[in-house]
Amino acid sequence: MTTRPILCFGEALIDFHAEGGDGSGFARHFVPFAGGAPANVAVAVARLGGAARFAGMLARDRFGDFLLHSLQQAGVGTDDVKRTDTANTALAFVTLDAHGERSFSFYRERTADLLFRPEHFRADTFRDIAVLHVCSNSMTDPALAATTREGMQRAYGAGALVSFDLNLRPALWPADVDPHPLLWPALHLADVVKLSAEEFTWLARDGEQAALDRLWQGRTRLVVVTDGAKPLRWFHPDVEGELPCYPVEAVDATAAGDAFVGGLLCCLAELAVAPERIDQLVTELPRLHAMLRFAAAGGALTATRQGSFAAMPRGDEVLAFMEGQA
């Protein structure tokens, strides 16, 4: 798979996964895994055989070293990674239920990932990319949110596709802040928007059609809504559809959505789908459906494994999984 790079911007952090438990249900051990939603997507792309780069700020601590090494080991380009010794790495403690669904406790106050600013982008960061991918976790801090939106504008100006995964984590937002008005400016800068079913419900507080109509007022041309093993839904201003997904015994759903996004972006980059070509893509439904099935298979396979970076499958594994599920 030879394409222009997919650049993922935002946070990389440490996911501590709970193992074991005492009589009260408290974990006896927490095992560290490299993670962070946009970093996960970059690793997913690289594992699938695509060209991936990550842009973000890492701490000069042991965790930051571990994240940088993990990105590089996965084949992700790190020329756009900056380091700081003025802040620590963000941490997330992940607890899984019997169905692999996760809950998070975040330690992310004044951490390194929040310190990336527009001047930290290289002069040619956006010059050769096919896609820029971001998510809402870089919108929780005003300065970082402004940096994210500027990056989206620069990528669009360079002719790249812009992808936004809502990936909403309410615990990262101040209790007295309504994220809705802060997220819509970024949503309007994205060509492709990915939502979970729960996020679609949250976003569509005035109804699904009202939310879609508002998205169409910006640049968005494709919205994909996933719902675990239930059928996924996709929307375009002129047409919409639904596709069945792959039922699996989920072990850890932490990175399944990021794997889905990585698979979809790989397919878009391989087809060199520029923003203005998405309208053409939705007229070729077999091709669009094949891309969405590939993305769904990657997400399903990832959910059968523990971890974030560590759970991402290779492209041949995804194809073999799809053949076995035919």
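Preceding block: the structure.
Everything numeric here is computed off the predicted structure, so don't read it as measured data.

**Here's the deal with the nonpolar core**
- If you look at the biggest cluster of nonpolar residues, it comprises 63 residues, and the most contacted ones within it are Phe54, Val76, Leu232, Leu264, Leu268 and Leu292.
- What leucine 292 contacts, discounting residues up to four positions off in sequence, is Val224, Leu232, Trp234, Leu243, Phe260 and Leu264.
- Within the second largest apolar cluster, 45 residues are counted, among which are Met57, Ala87, Phe121 and Val225.

**Examining the packing of aromatic side chains**
- Counted according to the given criterion, the structure contains 9 aromatic pairs.
- Between phenylalanine 16 and phenylalanine 63, the ring centres sit 5.9 Å apart and the planes meet at 80 degrees, which makes this aromatic pair edge-to-face. One end of the pair, phenylalanine 16, is in strand β2 (residues 13-19); the other, phenylalanine 63, is in helix α2 (residues 62-73), with 47 residues separating them in the sequence.
- Given a relative accessible area of 11%, phenylalanine 16 falls into the buried group.
- The partly exposed category is assigned to phenylalanine 63, whose relative accessible area is 30%.
- Between phenylalanine 200 and phenylalanine 235, the aromatic rings sit 5.7 Å apart at their centres with planes inclined by 55 degrees, giving tilted as the arrangement. Highlighted residues: phenylalanine 200 in helix α5 (residues 197-203) and phenylalanine 235 in strand β12 (residues 230-236), separated in sequence by 35 residues.

**Some details on the side chain of arginine 108**
- In this fold, arginine 108 is placed in the loop between β7 (102-107) and β8 (131-135).
- The exposure class of arginine 108 is buried, given its relative accessible area of 12%.
- Reaching out from arginine 108, the side chain makes a polar contact with the side chain of aspartate 113 at a distance of 2.7 Å.

**Brief notes about the state of the cysteines**
- Counting across every chain of the model gives 0 disulfides.
- Of all cysteine sulfurs, the one in cysteine 266 lies closest to cysteine 267, which takes part in no disulfide; the gap is 6.9 Å.
- For cysteine 267, a relative accessible area of 13% gives the class buried.

**Describing the side chain of aspartate 165**
- Among the secondary structure elements, aspartate 165 is positioned in strand β9 (residues 161-165).
- As a buried residue without a salt bridge, aspartate 165 has its nearest oppositely charged side chain in lysine 194, at a separation of 4.4 Å.
- The contacts of aspartate 165, once residues within four sequence positions are left out, are His133, Val134, Cys135, Ser136, Lys194, Glu199, Asp258 and Val261.

**Overview of empty space enclosed by the protein**
- If you walk through the whole model with that rule in mind, you get 4 cavities of 30 Å³ or more.
- The residue makeup of the lining of the second largest cavity, split by class, is 3 nonpolar, 1 polar and 3 charged.

**A closer look at the pairing of strand β11 (residues 222-227)**
- For β11, the buried fraction is high: 5 of the 6 residues fall into the buried class.
- For strand β10 (residues 192-196) and β11, the ladder comprises 5 bridges, and the chain directions are parallel. Bridge assignment links lysine 194 to a residue of β11, and that residue is valine 224.
- Alignment of β11 against β12, held across 4 bridges, turns out to be antiparallel. Considered in β12, the bridge of aspartate 227 is made with lysine 230.

**Quick look at the pairing of strand β4 (residues 52-59)**
- Across the 8 residues of β4, 8 count as buried, placing the element largely inside the fold.
- Here β4 shows a buried face lined by Ala52, Phe54, Gly56 and Leu58 and a second buried face lined by Arg53, Ala55, Met57 and Ala59.
- Where strand β1 (residues 6-9) meets β4, 4 bridges bridge the pair, whose relative direction is parallel. Its bridge partner lying in β4, leucine 7 is registered against arginine 53.
- Inspection of the sheet shows β4 paired to strand β5 (residues 77-84) by 6 bridges, in the parallel sense. By the bridge assignment, glycine 56 is partnered in β5 with valine 81.
- The handedness of the β4 to β5 crossover, carried by α2, is right-handed.

**A look at the environment of aspartate 113**
- With respect to the element layout, aspartate 113 can be found in the loop between β7 and β8.
- Each C-alpha atom of the pair aspartate 113 and alanine 59 lies 7.8 Å from the other, and the pair is 54 residues apart in sequence.
- Aside from chain neighbours lying at most four places away, what touches aspartate 113 is Glu11, Met57, Ala90, Arg108 and Leu144.
- Only 2.8 Å separates the side chain of aspartate 113 from the side chain of threonine 111, close enough to count as a polar contact.

**Digging into the packing of helix α1 (residues 37-47) against helix α7 (residues 256-270)**
- Following both chains from N to C, one finds α1 and α7 inclined at 50 degrees, their axes separated by 8 Å at the closest point. What the angle tells us is that α1 and α7 run oblique. Crossing of α1 over α7 shows right-handed handedness. For the pair α1 and α7, contact is made by Ala37, Asn40, Val41, Ala44 and Val45 and by Asp258, Ala259, Val261, Gly262, Leu265 and Cys266, respectively.
- For the contact of α1 with α7, the per-class residue count stands at 8 nonpolar, 2 polar and 1 charged.

Calculation notes
Each chain carries its own residue numbering, running from 1 in the written order of its sequence. In keeping with the predicted nature of the model, local features appear solely for residues at pLDDT of at least 70, side-chain atom pairs appear and are counted solely at 80 or more, and the whole-chain, interface and lining totals rest on all residues. Neither water nor hydrogens contribute to the side-chain values; these are computed over all heavy atoms in the structure. Side-chain atoms within 4.5 Å link the members of a nonpolar core, which is a set of buried Ala, Val, Leu, Ile, Met, Phe, Trp, Tyr and Cys residues. In this scheme, a residue with accessible area under 20% of its type's maximum is buried, one over 50% is exposed, and one in between is partly exposed, where area comes from a 1.4 Å probe on protein chains only. In what follows, residue pairs with any heavy atoms lying within 4.5 Å of each other are defined as contacts. Each Phe, Tyr or Trp ring, with Trp reduced to its six-membered ring, pairs with another whose centre is within 6.5 Å; inter-plane angles below 30 degrees give stacked pairs, above 60 give edge-to-face pairs, and intermediate values give tilted ones. Put simply, DSSP marks the helices as runs of H or I at least four residues long and the strands as runs of E at least two long, and each gets a number from the N terminus on. Definition of a polar contact: a pair of N or O atoms within 3.5 Å, with one able to donate and the other able to accept a hydrogen when the atoms are protein atoms, and with sequence-neighbouring residues admitted only if both atoms are side-chain atoms. By convention in this document, the label disulfide applies to cysteine sulfur atom pairs within 2.5 Å. Think of it this way: Lys and Arg go in the positive column, Asp and Glu in the negative one, and His and the chain ends go nowhere. Between Lys or Arg on one side and Asp or Glu on the other, a salt bridge is scored when a side-chain nitrogen of the former is within 4 Å of a carboxyl oxygen of the latter. The distinction between a cavity and a pocket rests on a 1 Å grid over the protein atoms alone: a 1.4 Å probe fits inside a cavity but cannot get out, while a pocket stays open yet meets protein on both sides within 12 Å along at least five of seven lines, and a residue with an atom within 4 Å of a point counts as lining. Grid points are joined across faces, edges and corners, and a volume is the space filled by probe spheres set on the points. Charged residues are taken to be Asp, Glu, Lys and Arg, nonpolar residues to be Ala, Val, Leu, Ile, Met, Phe, Trp, Tyr, Cys and Pro, and polar residues to be all remaining types, Gly included. Pairing between strands is defined by DSSP: at least two bridges between the two strands are required. The handedness of a crossover follows from its direction of travel: if, with the strands pointing away from the viewer, the path from the first strand over the helix to the second runs clockwise, the crossover is right-handed. Only the stretch in contact is used when fitting a helix axis, every axis being a line fitted to C-alpha atoms; angles between N-to-C directions are given from 0 to 180 degrees. The scheme is simple: roughly parallel for angles under 35 degrees, roughly antiparallel for over 145, roughly perpendicular for 65 to 115, oblique for anything else. Crossing handedness is read from the near helix: turned anticlockwise from the far helix by less than a right angle, it gives a left-handed crossing, and turned clockwise, a right-handed one.

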